[in-house]
Amino acid sequence: MKIGLRIDVDTYRGTQIGVPNLCKVLDENSIKATFFFSVGPDNMGRHLFSLLRPTFLNKMLRSRAASLYGWDIILKGTLGPGPIIGEKLSDIISYTSEAGHEIGLHAWDHYTWQSSIDKMDSDVIFSNLTQGVDLLTKIIDHHPTCSAVPSWKANDSVLLEKSKFSFEYNSDCRGKSIFMPLVNGQEQNQPQIPVTLPTYDEVIGHNGISNNNYNDFLLSLLKPDGLNVLTIHAEVEGMVCKSMFGDFI
């Protein structure tokens, strides 16, 4: 059975602490993964304003977000521009690449993409992608081989703008098999490798799933003859759930 391991890195703290922790676990088990880095400003704390939405508040409470992520992540960027992750922590990103892991672009500004992509025109989307690709290329000395949008938020404009970069593939959605996306009936030149398994925050606290049985639940979903792609987060499995992830590996 083959399992694709995708690691999303959303924040400054996730890069600083979670990524080295994950690299250590993976190295000890001779496993390579794909790390998707957010490299621009860490403004994730601005999601606090979303607490006014009942669905978002419920998710925060169910996943125990404050204890899960830490107040340093939750409050980042609320009182001013957050730190540029790729400038402050370029050594960690570079080390991850040198360790043999695949490096992809997650976002320039994770918060802005997640909250505003539906309002962005093509020029703004291209600018965001360019800033992320340029900084990541500078750090690892080669073009990132792939990309994955934050929170599965993509549209036709995103796919068209991504086609202007030399990504070998994108991972922007959920699905069951690798496919070539269509935009206005035209097949695009970059395949999509969808994520097939749920993330920790999506299932924890639902249907009796807890940290005690989470790994067993994930293992029960694996398909010997199908595509298996798991997304973990540096802020979760690389930090407070690192022991649980080590057991899973």
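Definitions and limits used
- Residues numbered from 1 in each chain as written.
- Predicted model: local features only at pLDDT ≥ 70, side-chain atom pairs only at ≥ 80, totals over all residues.
- Heavy atoms only, no water.
- Helix = DSSP H or I, 4+ residues; strand = E, 2+ residues; numbered from the N terminus.
- Buried < 20%, exposed > 50% of the residue type's maximum accessible area, 1.4 Å probe, protein only.
- Contact = heavy atoms within 4.5 Å.
- Areas by Shrake-Rupley, 256 points an atom, 1.4 Å probe, with all protein chains shown as cover.
- Phe/Tyr/Trp six-rings, centres within 6.5 Å; stacked < 30°, edge-to-face > 60°.
- Lys NZ or Arg CZ within 6 Å of the ring centre and 35° of its normal.
- Pairing = 2+ DSSP bridges.
- Expected span 1.5 Å × (residues − 1).
- Bend = angle between axes of the 7 residues up to and from the residue.
- Polar contact = N/O pair within 3.5 Å; in protein donor to acceptor, adjacent residues only side chain to side chain.
- Salt bridge = Lys/Arg side-chain N within 4 Å of Asp/Glu carboxyl O.
- Axes fitted to C-alpha atoms, helices over the stretch in contact; angles between N-to-C directions.
- Parallel < 35°, antiparallel > 145°, perpendicular 65-115°, else oblique.
- Left-handed = near helix turned anticlockwise from the far one by under 90°.
- Nonpolar A, V, L, I, M, F, W, Y, C, P; charged D, E, K, R; others polar.

Undergrad: For this particular structure, what's the right way to read the overall build of the protein?
TA: Helix and strand counts for the protein stand at 13 helices and eight strands. Counting only residues that meet the buried cut, the protein has 50% of its 249 residues in that class. When contacts within the protein are restricted to residue pairs at least 6 apart in sequence, those whose partners lie at least 24 apart make up 73%. Just so you have it, the protein exposes about 11,900 Å², and 53% of that area is on carbon and sulfur atoms.

Undergrad: Sorry if this is basic, but what is going on with the environment of F36 here?
TA: Summarising the element assignment, F36 is placed in strand β2 (residues 34–38). Along the sequence, F36 and D10 sit 26 residues apart, while their C-alpha atoms lie 8.5 Å from each other. Residues within four places of F36 in sequence aside, it is in contact with R6, I7, D8, V9, G104, L105, H106, C146, S147, A148, Y169 and S171.

Undergrad: Would you mind showing me how to read the packing of aromatic side chains here?
TA: Per the stated rule, a full pass over the model turns up five aromatic pairs. Linked through ring pairs, F126, F165 and F167 together constitute an aromatic cluster. Looking at R6, its charged tip hangs above the ring of F36, at a distance of 5.3 Å from the centre. Its guanidinium or amino end placed over the ring of F126, K164 lies 5.3 Å from that ring's centre, counting from NZ or CZ.

Undergrad: For this particular structure, what's the right way to read the sheet that holds strand β1 (residues 4–9)?
TA: Adjacent strands of a sheet form backbone hydrogen bonds with each other and so pair up, either parallel or antiparallel. Across the sheet, six strands lie side by side as β5-β4-β3-β2-β1-β8; this open sheet has parallel pairing. Each edge of the open sheet carries a strand with a single partner, namely β5 (169–170) and β8 (229–233). Where β1 lies against β8, five bridges are found, and the strand directions are parallel. Within β8, the position partnered with I7 by the bridge is I232.

Undergrad: Teacher, can you tell me more about helix α1 (residues 12–28) here?
TA: In this model, α1 (17 residues) spans 24 Å end to end at C-alpha, consistent with the 24 Å of a helix rising 1.5 Å per residue. By the largest-angle criterion, G18 marks the main kink of α1, which is about 35°, and a proline, P20, follows within four residues. Of all the residues in α1, the buried ones are Y12, G14, T15, G18, V19, L22, C23, V25 and L26. Its side-chain oxygen at 2.9 Å from the backbone nitrogen of G14, T11 defines the N-terminal cap of α1. Backbone geometry just downstream of α1 places S30 in the positive-phi region, at approximately 55°.

Undergrad: Honestly, the environment of D118 in this entry has me stumped. Any pointers?
TA: Tracing the backbone shows D118 in the loop between α7 (110–116) and α8 (122–140). Linking D118 and K153, residues 35 residues apart in sequence, is a C-alpha distance of 8.5 Å.

Undergrad: Would you mind showing me how to read the pattern of salt bridges here?
TA: When the charged atoms of two side chains lie near each other, side chains of opposite charge can form a pair. Using the criterion set out here, one finds five salt bridges in the structure. Of the charged contacts in the structure, one is a salt bridge between D8 and R6, with a shortest N-O distance of 2.8 Å. Classification of D8 as buried rests on a relative accessible area of 3%. You can call R6 buried: its relative accessible area is 3%. The residue R174 makes a salt bridge to E202 at a minimum N-O spacing of 2.8 Å. Of this pair, R174 sits in the loop between β5 and β6 (182–183) while E202 sits in helix α10 (residues 200–203), placing them 28 residues apart in sequence.

Undergrad: Would you mind showing me how to read the packing of helix α6 (residues 90–98) against α8 here?
TA: A pair of packed helices can be characterised by two numbers: the angle between their axes and the separation between those axes. Direction vectors running N to C along α6 and α8 enclose 70°, while the axes themselves pass 8 Å from each other. Taken together, the axes of α6 and α8 are roughly perpendicular relative to one another. Like other packed secondary-structure pairs, α6 and α8 cross with a definite hand, here right-handed. Packed against α6, whose contacting residues are S90, I93, S94 and S97, the element α8 presents L136, I139 and I140 at the interface. Counted by class, the contact of α6 with α8 contains four nonpolar, three polar and no charged residues.

These figures come from the coordinates and say nothing about function on their own.
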